[in-house]
Every structure is written in C-alpha cells, then in structure tokens.
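These are the residues of each chain, in order.
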Amino acid sequence: MKNKIKTNGFMALELHTGIVLLVMLTFCFAVSMNGFARINDYHLVKQRCIAAAQAQLDSIEITGSALSKKQFKSLWPKINCSIKQTLPTNQWKGTKLIKVSADSQSFNHKVKTELCRYIPQK
C-alpha cells in the first residue's frame, strides 16, 4: 500500500511539472508570435511608405505634378506625405531635386521614408 501512495504522488508531480512546462511553452510561443506580428507590420508599413513616395516621384516626373490629396488618400489612407522641390547648382543645373517624405505609424513606432530624385526641368 505504501508503494502505491508514493507512486501516485510521483505521477502527480510529473503531471503538474508537465502542465507547467506546457503552459510556459505556450506563453513563450504567444509572446514570440506577438513580436513577429509587430516586426511584420513595421516592414509592411515601411513598404507602403516607399510605394507612396515612389508613386509621387513618378507622378511628378511623368505629369509634372504630384498626385492630388484625394487620390493619395484613396490609395494610402494612413500615410502622410510631404514634397520639397529645390533647384540644384553646379553639375546638376537644368534639373530640379524632388524630395518626398512619407511617414506612418506601426503600433507605437513611427515609420519614415524619404526618397529623392533629380528631374530635368521642362
């Protein structure tokens, strides 16, 4: 009888240890999945900012003007965009420098991208 009581106690200890380890592994998995989701969202927002800035540069180069605010907000609703144009000097005379900055929010991080391009003046 004494052997059965000790064996049952040992089995209960193994069961509790197994459950605790399983809970810890599940918790670690959930935390890592949350981290991966945040990293993935950051990179997706960064790619959207690059695409938005690239579209503005392409529009300025091809049509001579940027996308309208309405068009831009319909394509990229959560992205803010600013455009700066300067006239370069020296070897770049006859062109204009276009700088497009696009930024957005990813969880609690701000994502900002700046693209530049020299475009011949017409």
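For every chain, the first residue of the written sequence is number 1, and numbering continues from 1 along that sequence. The model is predicted, so local features are restricted to residues of pLDDT at least 70 and side-chain atom pairs to those at 80 or more, both for listing and for counting; the totals for chains, interfaces and linings are taken over all residues. Side-chain numbers come from the whole structure's heavy atoms, not from hydrogens or water.

Below, the discussion takes up the sheet that holds strand β2 (residues 95–106). A pair of strands is labelled paired if DSSP reports no fewer than 2 bridges between them. Per the convention used, a helix needs a DSSP run of H or I reaching at least four residues, while a strand needs a run of E reaching at least two, with both numbered from the N terminus. One open sheet holds the 3 strands; their spatial order is β1-β2-β3, and the pairing between them is antiparallel. Strands with a single pairing partner mark the edges of an open sheet, and in this sheet they are β1 (80–86) and β3 (109–120). Geometrically, the sheet is characterised by an average inter-axis angle of 15° between neighbouring strands, direction not taken into account. Bridging between β1 and β2 involves 7 bridges; their strand directions are antiparallel. The residue of β2 that forms the bridge with serine 82 is serine 101. Interaxial angle, 0 to 180 degrees, is taken between N-to-C directions of lines fitted to C-alpha atoms, where a helix line uses only the stretch in contact.

Here we come to the environment of lysine 93. Here lysine 93 shows up in the loop between β1 and β2. Owing to a relative accessible area of 63%, lysine 93 belongs among the exposed residues under this scheme. Counting along the chain gives 73 residues from lysine 93 to valine 20, while the straight-line C-alpha distance between them is 70 Å. Throughout this description, buried means an accessible area under 20% of the type-specific maximum (1.4 Å probe, protein chains only), exposed means over 50%, and partly exposed covers the range between.

Moving on, we get to the side chain of serine 101. Mapped onto the fold, serine 101 is located in strand β2. A relative accessible area of 10% places serine 101 in the buried class. Pairs of N or O atoms are called polar contacts if they sit within 3.5 Å, as long as, within protein, a hydrogen donor faces a hydrogen acceptor (for residues adjacent in sequence, only side-chain-to-side-chain pairs). Engagement of the side chain of serine 101 in a polar contact is seen with the side chain of glutamate 114, the distance being 3.2 Å.

A separate point is the pairing of β2. Within β2, 9 of the 12 residues are buried, leaving the element largely enclosed by the surrounding structure. Note: β2 against β3, 12 bridges, orientation antiparallel. Along β3, the bridge assignment pairs isoleucine 98 with arginine 117. As consecutive antiparallel partners, β2 and β3 are separated by 2 residues, and within that stretch phenylalanine 107 has a phi angle of approximately 50°, a positive value.

Before going further, it helps to spend a moment on the packing of aromatic side chains. Only the six-membered ring of Trp is used, alongside the rings of Phe and Tyr, when aromatic pairs are assigned; centres must lie within 6.5 Å, and planes under 30 degrees apart are stacked while those over 60 apart are edge-to-face, with the rest tilted. Within the structure shown, the criterion is met by 2 aromatic pairs. On the basis of an interplanar angle of 45° and a centroid distance of 5.3 Å, the ring pair of phenylalanine 72 and tryptophan 76 is categorised as tilted. Between tryptophan 92 and tyrosine 118, the aromatic rings sit 4.2 Å apart at their centres with planes inclined by 10°, giving stacked as the arrangement. Placement of tryptophan 92 in the loop between β1 and β2 and of tyrosine 118 in strand β3 is noted, with a sequence separation of 26 residues between them. Classification of tyrosine 118 by relative accessible area gives partly exposed; the value is 35%.

Before going further, it helps to spend a moment on unusual backbone geometry. Notably, phenylalanine 107 is not glycine yet its phi reads approximately 50°, a positive angle. Take phenylalanine 107: it is sitting in the loop between β2 and β3.

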